[in-house]
Amino acid sequence: MLNSNRFKNYHLIIPFMSIAILMFAIYVNYWYFLLLVIPFLYLMSVQIKWKTLFIYLSIIILMLILNSFSHDFNLWQCLSNWIDYFFRFSIRKHIQNFVTNNYDQTTGSFINLILFNLKDQNGKVIYYHMINLSIVYLIVVSGFHISILKRLVSFALRKWPILANIVNIIIITFYCYLLSFAVSVTRVLLMFLISFIFKKRLKNKIDVLAVAGLFSIMWDTTCMFNIGFCMSYLCTTVILLVYRLKISNMLLEKLLINIAATLISLPFIIYMQNQISLWAVFNSFIFSYVFAFIFIYFLLTFWLVWIVVIQHAIVIAVNFVINASWFTNIIIRVPNWSPLIQCGYFIVSYLTIRMLKSYKTN
């Protein structure tokens with residue numbers, strides 16, 4: 001990956017990638033063994049001591065052994081249940097019921113969808129329209145939304161960084177609980193905690209991302225088979241790489257981020273839908289800011305039931321925009337890709353990233 005003189009790169013992405021690839025190859029399809037070409041090519045392009053390589057190999061073997069003994073264990077699910085048991089009361093369900101009982105069906109369904117990933121019959125309509133627009137990840141709470149929340153808290157408490165970190169840990173942990181510690185949102189929590197604890201050692205965000213992924217796999221050995229997990233970690237990786245390019249034009253940078261995220265998640269979108277919107281990149285670029293605002297707004301105001309008229313008007317307006325976009329949307333039908341084609345796609349994507357890195361360096 002890209003290096004910088006400002007920090008040391010431990011290349012922890014190697015054991016993380018290798019474990020995920022091996023798990024897919026062993027449990028899903030043997031063709032995924034071809035993806036081991038990526039960590040191999042990565043190793044060929046960087047300098048790693050034999051001692052470090054042996055440590056990484058040991059981590060990979062230990063994780064595979066752990067998986068063979070605890071294949072169905074999910075610490076995150078247990079943690080969510082333990083919290084409910086400790087309080088003898090589900091705060092999560094209480095808040096969700098509060099929204100359902102205090103809003104009309106259309107408004108309540110939208111708020112529960114955008115804040116808590118709950119899809120009732122009403123919510124499913126807007127959900128499937130977003131799928132057709134290839135931007136469903138913007139309305140389903142993910143690491144994208146939690147990152148916005150974290151930045152908002154950090155900005156509000158920028159004069160007190162220690163307090164900002166403590167408040168962020170409390171708020172993000174609580175919100176992860178409300179979402180039953182979904183793998184895509186716990187990534188943000190893990191990255192934040194790892195960065196906070198090892199701030200003097202791990203300054204490379206890709207290393208932080210890799211450690212978060214390793215912990216996720218250790219605590220839920222089947223999480224890498226979750227599409228949300230794959231898309232979250234892959235999209236975050238390419239976003240971090242785009243930031244490394246240090247593009248001075250903010251508009252160009254944001255556009256490149258949306259293109260990179262759309263392209264890297266293409267195999268998963270095709271797997272879920274067998275189709276992709278012709279305007280996927282444009283939709284992602286436009287709606288990302290809209291739903292960033294909508295998410296923060298409802299997160300801060302969903303409990304203000306006396307402004308229900310305003311809440312309802314916003315939901316109606318958002319539904320109108322999405323429905324209008326859906327009517328003008330152009331869908332490209334794509335047959336599901338075989339594991340072999342998926343492997344080829346990811347290998348070509350990696351080689352393209354390496355080529356862009358070399359071009360930037362030169």
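Residues numbered from 1 in each chain as written. Predicted model: local features only at pLDDT ≥ 70, side-chain atom pairs only at ≥ 80, totals over all residues. Heavy atoms only, no water.

**Thoughts on the overall build of the chain**
Logical step 1: Scanning the chain for helices and strands turns up 18 helices and two strands.
Logical step 2: Its C-alpha atoms give the chain a radius of gyration of 21 Å, within 12% of the compact-globule value 21 Å for 362 residues.
Logical step 3: Taken over the C-alpha atoms alone, the chain extends approximately 65 × 50 × 45 Å along its principal axes.
Logical step 4: Burial analysis of the chain (362 residues in total) assigns 49% to the buried set.
Logical step 5: A separation of at least 24 residues holds for 72% of the contacts in the chain among residues at least 6 apart in sequence.
Logical step 6: Between the averaged position of the 26 positive side-chain charges in the chain and that of its 7 negative side-chain charges there is a distance of 17 Å. (Helix = DSSP H or I, 4+ residues; strand = E, 2+ residues; numbered from the N terminus. Rg over C-alpha atoms; globule rule 2.2 N^0.38 Å. Buried < 20%, exposed > 50% of the residue type's maximum accessible area, 1.4 Å probe, protein only. Contact = heavy atoms within 4.5 Å. Lys, Arg positive; Asp, Glu negative; His and termini not counted. Charge placed at Lys NZ, Arg CZ, Asp CG, Glu CD.)

**So, the state of the cysteines**
Logical step 1: For the structure on display, the rule yields zero disulfides.
Logical step 2: Just so you know, Cys-235 is unpaired, no disulfide at all, and the nearest cysteine sulfur is the one on Cys-230, 10 Å from it.
Logical step 3: By relative accessible area, Cys-235 is classed as buried at 15%. (Disulfide = S-S within 2.5 Å.)

**Observations regarding unusual backbone geometry**
Logical step 1: With phi around 60°, Asn-117 is a residue other than glycine that occupies positive phi space.
Logical step 2: Secondary-structure assignment places Asn-117 in the loop between α6 (105-116) and α7 (121-132).
Logical step 3: The phi dihedral of Ser-180 falls on the positive side, at around 55°, and the residue is not glycine.
Logical step 4: Looking at the element boundaries, Ser-180 is found in the loop between α10 (161-178) and α11 (183-197).
Logical step 5: Relative accessible area serves as the criterion here: at 27%, Ser-180 is assigned to the partly exposed category.

**So, the layout of surface pockets**
Empty space among the atoms becomes apparent when a probe as large as a water molecule is rolled across them.
Logical step 1: Taken as a whole, the second largest pocket encloses approximately 870 Å³ of empty space.
Logical step 2: The wall of the second largest pocket is formed by 32 residues, among which Leu-35, Cys-230, Leu-234, Phe-268 and Phe-346 lie closest to the centre.
Logical step 3: The element contributing the most residues to the lining of the second largest pocket is helix α13 (residues 227-244), with eight residues. (1 Å grid on protein atoms, 1.4 Å probe; cavity = no way out; pocket = protein on both sides within 12 Å on 5 of 7 lines; lining within 4 Å. Points joined across faces, edges and corners; volume = space filled by probe spheres on them.)

**Details of the side chain of Asn-204**
Logical step 1: Positionally, Asn-204 belongs in the loop between α11 and α12 (205-219).
Logical step 2: A distance of 2.9 Å separates a polar atom in the side chain of Asn-204 from the backbone nitrogen of Ile-206.
Logical step 3: Reaching out from Asn-204, the side chain makes a polar contact with the side chain of Arg-244 at a distance of 2.6 Å. (Polar contact = N/O pair within 3.5 Å; in protein donor to acceptor, adjacent residues only side chain to side chain.)

**Examining the environment of Lys-150**
Logical step 1: Position of Lys-150 relative to the elements: it lies in helix α9 (residues 143-156).
Logical step 2: Distance in space between the C-alpha atoms of Lys-150 and Pro-39 is 32 Å, their sequence separation being 111 residues.
Logical step 3: Excluding residues within four positions of it along the chain, Lys-150 makes contact with Asn-168, Ile-172, Val-188 and Phe-192.

**Focus on the confidence of the model for the chain**
Logical step 1: In the predicted model, the chain carries a mean pLDDT of 85, and 94% of its residues have values of at least 70.
Logical step 2: Highest mean pLDDT in the chain belongs to helix α1 (residues 13-27) (93); lowest belongs to helix α8 (residues 136-139) (65).
Logical step 3: Per-residue pLDDT stays below 50 along residues 1-5; that stretch engages in 13 contacts with residues further than four places along the chain or on separate chains. (pLDDT = per-residue confidence, 0-100.)

**Overview of the pattern of salt bridges**
Here the idea is simple: oppositely charged side chains can pair when their charged atoms come close.
Logical step 1: Within the structure shown, the criterion is met by one salt bridge.
Logical step 2: Notably, a salt bridge pairs Asp-84 with Arg-92, separated by 3.0 Å at the nearest N-O pair. As far as the burial class goes, Asp-84 and Arg-92 line up, both buried. (Salt bridge = Lys/Arg side-chain N within 4 Å of Asp/Glu carboxyl O.)

**Thoughts on the packing of α12 against α13**
Logical step 1: Put simply, α12 and α13 touch, their axes get as near as 10 Å, and they point 170° apart. When the axes of α12 and α13 are compared, the pair comes out roughly antiparallel. Each of Lys-205, Ile-206, Leu-209, Ala-212, Gly-213, Ser-216 and Ile-217 in α12 lies in contact with α13, whose residues at this interface are Phe-229, Tyr-233, Thr-236, Thr-237, Leu-240, Leu-241 and Arg-244.
Logical step 2: Each residue belonging to the contact of α12 with α13 can be placed in one class, and the counts come to eight nonpolar, four polar and two charged. (Axes fitted to C-alpha atoms, helices over the stretch in contact; angles between N-to-C directions. Parallel < 35°, antiparallel > 145°, perpendicular 65-115°, else oblique. Nonpolar A, V, L, I, M, F, W, Y, C, P; charged D, E, K, R; others polar.)

**Structural notes on α1**
Logical step 1: Over its 15 residues, α1 runs 21 Å from end to end, which matches the ideal 21 Å to within 8%, given 1.5 Å per residue.
Logical step 2: With respect to burial, α1 is a largely interior element, 13 of its 15 residues being buried. (Expected span 1.5 Å × (residues − 1).)

**Some remarks on α10**
Logical step 1: The first and last C-alpha atoms of α10 sit 25 Å apart over 18 residues, in line with the 26 Å expected at 1.5 Å per residue.
Logical step 2: When we look at burial in α10, the residues that qualify are Ala-164, Asn-168, Ile-172, Tyr-175, Cys-176, Tyr-177 and Leu-178.
Logical step 3: Following α10 by one or two positions, Ser-180 adopts a phi angle in the positive range, close to 55°.

**Points about the packing of aromatic side chains**
Logical step 1: Going through the model one piece at a time under the given rule, you end up with 22 aromatic pairs.
Logical step 2: With a centroid separation of 6.5 Å and an interplanar angle of 80°, the aromatic rings of Phe-98 and Phe-302 are classed as edge-to-face. On the criterion of sequence distance, the pair formed by Phe-98 in helix α5 (residues 91-102) and Phe-302 in the loop between α16 (280-301) and α17 (308-327) is long-range, its members being 204 residues apart.
Logical step 3: In this structure Phe-98 comes out as partly exposed when scored by relative accessible area, which is 29%.
Logical step 4: The class of Phe-302 is buried, set by a relative accessible area of 13%.
Logical step 5: Ring geometry for Phe-215 and Trp-219: centres 5.2 Å apart, planes at 35°, overall tilted. Of this pair, Phe-215 and Trp-219 both sit in helix α12, separated by four residues, roughly a single helical turn.
Logical step 6: Linked through ring pairs, Phe-24, Tyr-27, Tyr-32 and Phe-225 together constitute an aromatic cluster.
Logical step 7: A cation sits over an aromatic face here: Arg-88 above Tyr-85, 4.5 Å from the ring centre.
Logical step 8: Between the NZ or CZ atom of Arg-158 and the centre of the ring of Phe-155, over which it lies, the distance is 4.3 Å. (Phe/Tyr/Trp six-rings, centres within 6.5 Å; stacked < 30°, edge-to-face > 60°. Lys NZ or Arg CZ within 6 Å of the ring centre and 35° of its normal.)

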